[in-house]
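So you can see what is in the structure, the chains are spelled out below.
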Amino acid sequence: MLASTTVSAFFPARSSSSSVVSAKASLKAVTDGPENLDVRSNVAKPMSSSGTMEVKAQAQALPKVNGTKIGLKIDAQKIEEDAPSASRTFYNQLPDWSFLFAAITTIFLAAEKQFTLIDWKPRRPDMLGDAFDLGKIMQDGLVFRQNFSVRSYEIGADGTASIETLMNHLQETALNHVRSAGLLGDGFGSTPQMSKRNLIWVVTKMQVLVEQYPSWEDVVEVDTWVAPSGKHGMRRDWHVHDYQTGQTVLRATSVWVMMNKQTRRLSKLPEEVREEIGSYFVDRDPVINEDGRKLPKLEDNTADYVCRGLTPRWGDLDINQHVNNVKYIGWILESVPASILESHELAGMTLEYRRECGRDSMLQSLSAVSDKSPDGSPEAGIECQHLLRMECGAEIVRCQTDWRPKRSTQGL
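About the thresholds
- Residues numbered from 1 in each chain as written.
- Predicted model: local features only at pLDDT ≥ 70, side-chain atom pairs only at ≥ 80, totals over all residues.
- Heavy atoms only, no water.
- UniProt positions renumbered as here; feature names shortened; annotations may be inferred.
- 1 Å grid on protein atoms, 1.4 Å probe; cavity = no way out; pocket = protein on both sides within 12 Å on 5 of 7 lines; lining within 4 Å.
- Points joined across faces, edges and corners; volume = space filled by probe spheres on them.
- Helix = DSSP H or I, 4+ residues; strand = E, 2+ residues; numbered from the N terminus.
- Nonpolar A, V, L, I, M, F, W, Y, C, P; charged D, E, K, R; others polar.
- Expected span 1.5 Å × (residues − 1).
- Buried < 20%, exposed > 50% of the residue type's maximum accessible area, 1.4 Å probe, protein only.
- Salt bridge = Lys/Arg side-chain N within 4 Å of Asp/Glu carboxyl O.
- Pairing = 2+ DSSP bridges.

For the chain, an unreviewed UniProt entry supplies the name Acyl-[acyl-carrier-protein] hydrolase and the organism Musa troglodytarum. Regarding the chain, the UniProt comment filed under Function (unreviewed entry) reads as follows: "Plays an essential role in chain termination during de novo fatty acid synthesis." The Subcellular location (unreviewed entry) field of the UniProt record for the chain holds the comment "Plastid, Chloroplast".

What follows is the structure in structure tokens.
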């Protein structure tokens, strides 16, 4: 009997409308009695032919406690609403998972839409690979090549890559060249023999000619190689092309010498180091003819513009504990008037590095401007002389820059 009652309670069979009426009548009989009833016992009878379970309630008036009747009120309407539906079956009692499937479907559809909106396929097949490319050795192991895609954070107000971006590409290829050749020691760009002697490379002179500036998402191809320079120096050249068109973007040449990392003094090129790097020297002329003109020294009375209060930050130092060479270029351009920056673009520059500066140095940037055209024609270029110095007057970098009108100002 108990098993029958339990099964009937959880899995009731289909009942007719008369069963519902009978249940309502029973409830009415209970509720029509005294206001307060005590349900003493419920006796479950076997299921009738109609498939319902009949429950007989024996009730009597409750005793008084302290003169007050206590009991349980039965809300007939609530019980009637809680009564199982006549059409409810075993399968209907299973959880309704349709809302969960609908939610999952909605999520997948939304994700699919987002992936559709995002174009994961690169516009050029080289863009995705270059993001992880460290370059390769070419031409019998003497030339190193690496591609760079211009990022959105590397462009300036005119929509093209800044000169600092291009200079960083040059520095990156130089270091990766040393690493790919297996000559990278413990230092930053130092060979194993240089690391043993606490020697590092420092640049003394650099010439740069910019033919055009790449735009966002353009890919540039940088080739670099090294050659001897005098008895104790090394020359490094770069040739930057547009990956798609092959047109020249930039050409640069530089001279490097040894410096002791601890004493911060220049050093001769040891024979052991020469043997390490000698086999990688290329016998070719510089990519730019050397500018033999002596750069003049600017003074306060000869400078047209002076920017003071420049201080190196911790992030401006490299692993060799001196200011990154590219940072000097940014400080030099700080004293260039905005009128030139808005109407002209940097076409070339020559830098002479005279000393390094530390983190606590206070710097000044001086510039003198002169038009190349005697009549001041707007189509003519502009030449500037620059000096980056400490507040005490010690020279850090002398520089000369050449500027040409931007293409937009020429109607191109």
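I'd love a proper account of empty space enclosed by the protein, names of residues and values included.
Over the atoms, a rolling probe the size of a water molecule traces out where space has been left empty. Per the stated rule, a full pass over the model turns up one cavity of 30 Å³ or more. Considered as a void within the structure, the largest cavity measures approximately 510 Å³ in volume. Taken together, 33 residues line the largest cavity, and the ones lying closest to its centre are A174, L175, W201, R236 and W256. Residue assignment for the lining of the largest cavity shows that the elements contributing at least two residues are helix 6 (163–180), strand 7 (199–210), strand 9 (233–242) and helix 9 (325–332). By residue number, the principal contributor to the lining of the largest cavity is helix 6, which donates seven residues. Of the residues belonging to the lining of the largest cavity, the class tally is 23 nonpolar, eight polar and two charged.

Pulling in residues and values, what's your account of helix 6?
With 18 residues, helix 6 should cover 26 Å at 1.5 Å per step; its first-to-last C-alpha distance of 26 Å lies within 8% of that length. Every buried residue of helix 6 is accounted for by I163, T165, L166, M167, H169, L170, T173, A174, N176, H177 and V178.

Any chance you could break down the pattern of salt bridges for me, citing the residues and the numbers?
Taken as a whole and judged by the stated rule, the model has 19 salt bridges. When the shortest N-O distance is used, the salt bridge between K205 and E290 registers 4.0 Å. With K205 in strand 7 and E290 in the loop between helix 8 (271–277) and strand 12 (305–310), this residue pair connects regions lying 85 residues apart in the sequence. Owing to a relative accessible area of 64%, E290 belongs among the exposed residues under this scheme. The salt bridge involving E271 is made with R274; its shortest N-O contact spans 3.7 Å.

Can you explain the pairing of strand 13 (residues 344–353)? Please cite residues and give values.
Counted residue by residue, strand 13 has ten buried out of ten residues, so it is predominantly covered. With five bridges connecting them, strand 7 and strand 13 associate as antiparallel partners. Note that in strand 13 the partner of K205 across the bridge is E352. Note that strand 13 and strand 16 (residues 395–405) share nine bridges and pair antiparallel. Note that in strand 16 the partner of H344 across the bridge is P405.

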